[in-house]
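Residue-level structural notes
Letter by letter, the chains look like this.
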Amino acid sequence: LAASPAMLVAYNIITANGTGNNMGILLQADSGNTTIINNTITARGSARGNFGIHLNQSSSVNITNNTIKTNGTGGENYGIYLNTNSNQNDIMNNTITTNDATSGNNTGILLNNSHVNRLLGNTVTTNLVQSDGVQLLYLSGNNTLQNNTIVSAGFDINISNANGTNLVDQLF
């Protein structure tokens, strides 16, 4: 959905299959003020780039109570990926699993250049050493992570060049 603000995406079963760049839900170019709630999302492929939910330049999005699974054989499987000024989003009470049988760079929740987001009460599981539960990268500052349960073979939380992040009551 591009430039489609104020949407409701609820109670769907979404499956994206293919070779790569499979996206269950993609919001981009100011598709803010959207609610994504109570969906079951699976993205899997035989190449890299499988995304459960991908936000690009979309703010004030509520992502709540979703079950997200990403599987692929080429790495780069992301449960929820916020990219480039996807700010002031609430990511709450989601169950996220990323799996890859062969290679890494699998992340449950990744924020890249995205600010003032709240990650609350999520359960994140990843399976490879190169996988991270939550990544905050490149100027993703002033985010709050609270009451999340993270089980990762790699880093539970990986913060790089992201100032002002609050970590409260995390379970690893």
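It should be emphasised that the depicted structure is a prediction, and the values quoted were computed from it without experimental measurement.

**Some remarks on the overall build of the protein**
In terms of helices and strands, the protein carries zero helices and 19 strands. Expressed as a percentage of contacts within the protein between residues at least 6 apart in sequence, the contacts between residues at least 24 apart total 73%.

**Some details on the packing of aromatic side chains**
A complete count under the given rule lists three aromatic pairs for this structure. With 5.6 Å between their ring centres and 15° between their planes, F51 and Y81 make a pair best called stacked. Taken together, the positions of F51 in strand β6 (residues 50–56) and Y81 in strand β9 (residues 77–83) put the pair 30 residues apart, joining distant regions of the chain. By relative accessible area, which is 6% here, F51 ends up buried. You can call Y81 buried: its relative accessible area is 14%. Consider the rings of Y78 and Y81, whose centres lie 5.1 Å apart with planes at 25°: the pair is stacked. Its relative accessible area of 10% is what places Y78 among the buried residues. Among the aromatic side chains, those forming a connected cluster through ring pairs are F51, Y78 and Y81.

**Regarding the confidence of the model for the protein**
The predicted coordinates should not be examined in detail at positions where pLDDT is low. Predicted confidence across the protein gives a mean pLDDT of 85, with 88% of residues reaching 70 or more. Taken element by element, the protein is modelled with least confidence in strand β19 (residues 166–168), mean pLDDT 65, and with most confidence in strand β7 (residues 62–64), mean pLDDT 98.

**Comments concerning the nonpolar core**
Counting residues in each nonpolar core, the largest one holds 24 residues, and the members touching the most others are I25, I36, I53, I63, I80, I109 and V134. For this core, the secondary structure elements donating two or more residues are β3 (22–28), β6, β9, β12 (107–112) and β15 (132–137).

**Brief notes about the side chain of S131**
If you trace the backbone, S131 turns up in the loop between β14 (123–126) and β15. Here N106 takes part through its side chain, which lies 3.4 Å from a polar atom of the side chain of S131. If near-sequence neighbours (up to four positions away) are discounted, S131 is found in contact with N106, T126, S152, A153, G154 and F155.

**Details of unusual backbone geometry**
Of note in this structure, Q88 is not a glycine but carries a positive phi near 55°. With respect to the helices and strands, the residue Q88 is situated in the loop between β9 and β10 (90–92). A positive phi angle, near 65°, is found at L139, a position not held by glycine. Secondary-structure assignment places L139 in the loop between β15 and β16 (144–146).

**Quick notes on the side chain of N89**
Turning to its location among the elements, N89 is positioned in the loop between β9 and β10. By relative accessible area, which is 0% here, N89 ends up buried. Polar side-chain contacts of N89 include one of 3.2 Å to the backbone nitrogen of S60. Not counting chain neighbours up to four residues away, the residues in contact with N89 comprise L55, S58, S59, S60, V61, L82, V116, N117 and R118.

**Points about the environment of T107**
If you trace the backbone, T107 turns up in strand β12. T107 sits 26 residues away from G133 along the chain, and the two C-alpha atoms are 5.5 Å apart.

Definitions and limits used
- Residues numbered from 1 in each chain as written.
- Predicted model: local features only at pLDDT ≥ 70, side-chain atom pairs only at ≥ 80, totals over all residues.
- Heavy atoms only, no water.
- Helix = DSSP H or I, 4+ residues; strand = E, 2+ residues; numbered from the N terminus.
- Contact = heavy atoms within 4.5 Å.
- Phe/Tyr/Trp six-rings, centres within 6.5 Å; stacked < 30°, edge-to-face > 60°.
- Buried < 20%, exposed > 50% of the residue type's maximum accessible area, 1.4 Å probe, protein only.
- pLDDT = per-residue confidence, 0-100.
- Core = buried A, V, L, I, M, F, W, Y, C linked by side-chain atoms within 4.5 Å.
- Polar contact = N/O pair within 3.5 Å; in protein donor to acceptor, adjacent residues only side chain to side chain.

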